[in-house]
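Report on the structure
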Amino acid sequence: REVIHMKKLSEHQTGIALGAFFGLAHAVWALVVYLGFAQTWLDFVLGLHFLENPYVVSAFDLQKAAILVMVTAVVGYVAGFVFAKVWNFVMTKTK
């Protein structure tokens, strides 16, 4: 049986990648709110899941949008950092 050795992940790089992804995804959401398509999109997506939408999208607020993007980027960084730490720990135990 062939053994495949996985590379060690860089905690910082993994955190940056996931943080950038989370932040970008929420920046896109903020843009959709700004453009006025968010309610229609939310109704459509929830409808595809056979759900009635109880939520109403608020008016765009630049300060809230900036905080949303920053907070989700930080959460993404922490999630990526922790994931890489756990991955590296598990990979050292399986050799």
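Up top is the structure these notes are about.
Each value, and the rule that gives it
Throughout, residues of each chain are indexed from 1 in the direction in which the sequence is written. This being a predicted model, a pLDDT of at least 70 is required before a residue's local features are given, and a value of 80 or more before pairs of side-chain atoms are given or counted; all residues contribute to the totals for chains, interfaces and linings. Note that the side-chain values use all heavy atoms of the structure and ignore hydrogens as well as water. A helix here means a DSSP run of H or I that spans at least four residues, while a strand means a run of E at least two residues long, and both kinds are numbered starting from the N terminus. With the radius of gyration taken over C-alpha atoms, the globule rule is written as 2.2 Å times the number of residues to the power 0.38. Note on exposure labels: buried denotes an accessible area under 20% of the residue type's maximum, exposed denotes more than 50%, and partly exposed covers the range between, all computed with a 1.4 Å probe on protein chains only. Here a polar contact means two N or O atoms within 3.5 Å. Within protein one must be a hydrogen donor candidate and the other an acceptor candidate, and residues neighboring in sequence count only if both atoms are side-chain atoms. Contacts were defined at the residue level, with two residues in contact if any of their heavy atoms lie within 4.5 Å.

1. As for the overall build of the chain
Looking only at helices and strands, one finds three helices and zero strands in the chain. Taken from N to C terminus, the helices and strands of the chain fall in the order α-α-α. Against the globule reference of 12 Å for 95 residues, the chain gives a C-alpha radius of gyration of 19 Å, more extended than a compact globule. Expressed as lengths along the three principal axes of its C-alpha atoms, the size of the chain is roughly 55 × 35 × 15 Å. When burial is assessed residue by residue, the chain has 17% of its 95 residues classed as buried.

2. Side note on unusual backbone geometry
Despite not being glycine, Phe50 has its phi angle at roughly 60 degrees, a positive value. Checked against the element boundaries, Phe50 lands in the loop between α2 (38-48) and α3 (62-93). Overall, the relative accessible area of 78% leaves Phe50 in the exposed class.

3. Topic: the side chain of Thr72
Structurally, the position occupied by Thr72 is in helix α3. Among the residues examined, Thr72 registers a relative accessible area of 13% and is labelled buried. Reaching out from Thr72, the side chain makes a polar contact with the backbone oxygen of Val69 at a distance of 3.2 Å. Sequence-distant contacts of Thr72, that is, excluding residues within four places in its chain, are made with Phe22, Gly23 and His26.

These results come straight from atomic positions and should not be treated as a statement about function.
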